[in-house]
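# Working through the structure, step by step
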Amino acid sequence: MYKFSNKFVIILIAATVIIVGGASILYSCFADDMYLNQQKNDITAAYESVSKLKTFSGKKFNKTVKGYEDEDFRFIIADENFQKVYSSYKNRDANKLTAEIRESKNLYDKEPLITVLDSQISGKVHKIKLTAKTSKSDGVYYIYIEESLATVEKSFSYTNKFLLCLVIVSMLVNAAAVYILCRKIGKPVTTLSEVTEKFKNGDFSARYEGAYSKDELGLLARNFNTMADKIQENIS
């Protein structure tokens, strides 16, 4: 490998590491917060969609709730007597959550409260929940909405591993491409350098005999041969 080629390879590999690595670092630093903010917006949208319905029963209600349940949202709706009106959970889980609603009823307000819960094992965000109170023509209702983020944690883990592999593969591919490019450029440069060295040392018959490329390097080689021919003619 030629000296200037080595520098060229190092510069391009460094640029690749900076660009891809920098993007990976930015993703790792901000992706969790961005996703969490998005989920807060989504869970708020779910609450607004459900709370605007006239009743918490019927086809329209079931269709609305089912759509959000397909996106991993879970609902508990209790009336003012803390009797379960609707639940996405099994009976035992639903009864437990209904009891929790009764115990923490003072925390339920017309303005939805969003709470982020961390996993006791990993310490990372485990789930997000929204609690609110809304009024209908037949009374007051307590709404509890929850979304588990366990699947998201796995997705981020896979994504981080993928980005690491991407950095490594990008470096290898970039290094190979640059090596091939430098060999293509470096060989005629070295050949022309050897010819000019011979010419400088008194071998006026020395000429560049490689193929002329359609760029500045090819033009330089042609100009050198033309110059060498004229100098040799003048000497002769």
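Here is a short report on the structure shown in this document. Note that the structure is predicted; figures quoted are calculated from it, not measured.

### A short note on the pairing of strand S1 (residues 73-79)
Burial within S1 is extensive, with six of its seven residues counted as buried. As paired strands, S1 and strand S5 (residues 139-148) are joined by seven bridges and run antiparallel to one another. Among the inter-strand pairings, Phe75 is bridged to a residue of S5, identified as Ile145. Of the pairings in the sheet, the one linking S1 to strand S2 (residues 84-87) comprises three bridges and is antiparallel in character. Bridge pairing in S2 links Ile77 to Tyr86. Where S1 folds back onto S2 in an antiparallel hairpin, the turn is made up of four residues, including Phe82, whose phi is positive at roughly 65°.

### Here's the deal with the nonpolar core
Residues Val50, Phe56, Phe61, Phe75, Ile77 and Ile145 are the most contacted members of the largest nonpolar core, which totals 21 residues. Elements supplying a minimum of two residues to this core: helix H1 (3-51), helix H2 (59-69), S1, strand S4 (125-136) and S5. The dominant element in this core, judged by the number of residues it contributes, is H1, at five residues. Grouped together as the second largest cluster of nonpolar side chains are nine residues, Ile76, Ala94, Leu97 and Tyr108 included.

### Description of the environment of Val167
Residue placement: Val167 occurs in helix H4 (residues 150-200). Using a relative accessible area of 14% as the deciding quantity, one classes Val167 as buried. When the C-alpha positions of Val167 and Gly22 are compared, they lie 10.0 Å apart, and in sequence the two are 145 residues distant.

### Section: helix H3 (residues 91-103)
With 13 residues, H3 should cover 18 Å at 1.5 Å per step; its first-to-last C-alpha distance of 18 Å lies within 8% of that length. Looking at H3, one finds that the buried residues are Ala94, Leu97, Thr98 and Ile101. When H3 is viewed along its axis, its buried side chains cluster within an angular range of 105° and face the same direction. Set apart from the buried face of H3 by more than 90 degrees, the exposed residues are Arg92, Lys96 and Glu103. Packed against the buried residues of H3 are S1, S2 and S5.

### Quick word on unusual backbone geometry
The residue Asp72 is not glycine, and still its phi comes out positive at about 75°. Tracing the backbone through its elements, the reader meets Asp72 in the loop between H2 and S1. Among the residues examined, Asp72 registers a relative accessible area of 39% and is labelled partly exposed. The backbone of Phe82 shows a phi angle near 65°, a positive value even though the residue is not glycine.

### Remarks on the packing of aromatic side chains
Counted according to the given criterion, the structure contains nine aromatic pairs. Ring plane angle 85° and centroid distance 5.2 Å describe the contact between Phe61 and Tyr86, whose orientation is recorded as edge-to-face. Pair noted here: Phe61 is in helix H2 and Tyr86 is in strand S2, with a separation of 25 residues, a long-range link. The exposure class of Phe61 is buried, given its relative accessible area of 1%. One aromatic cluster is present, formed by Phe56, Phe61, Tyr86 and Tyr141 through successive ring pairs.

### Comments concerning the pattern of salt bridges
Enumeration over the complete set of coordinates arrives at four salt bridges. Here Glu146 makes a salt bridge to Lys127, at a shortest N to O gap of 3.2 Å. Of this pair, Glu146 sits in strand S5 while Lys127 sits in strand S4, placing them 19 residues apart in sequence. The salt bridge involving Asp229 is made with Arg207; its shortest N-O contact spans 2.7 Å. Of the two residues, Asp229 is situated in helix H5 (residues 216-235) and Arg207 in the loop between H4 and H5; the sequence distance between them amounts to 22 residues. Residue Asp229 is classed as partly exposed on the basis of its relative accessible area of 36%.

Reading the values: rules and limits
Residues numbered from 1 in each chain as written. Predicted model: local features only at pLDDT ≥ 70, side-chain atom pairs only at ≥ 80, totals over all residues. Heavy atoms only, no water. Buried < 20%, exposed > 50% of the residue type's maximum accessible area, 1.4 Å probe, protein only. Helix = DSSP H or I, 4+ residues; strand = E, 2+ residues; numbered from the N terminus. Pairing = 2+ DSSP bridges. Core = buried A, V, L, I, M, F, W, Y, C linked by side-chain atoms within 4.5 Å. Expected span 1.5 Å × (residues − 1). Arc of directions from axis to C-beta. Contact = heavy atoms within 4.5 Å. Phe/Tyr/Trp six-rings, centres within 6.5 Å; stacked < 30°, edge-to-face > 60°. Salt bridge = Lys/Arg side-chain N within 4 Å of Asp/Glu carboxyl O.

Structural measurements only, silent on function.
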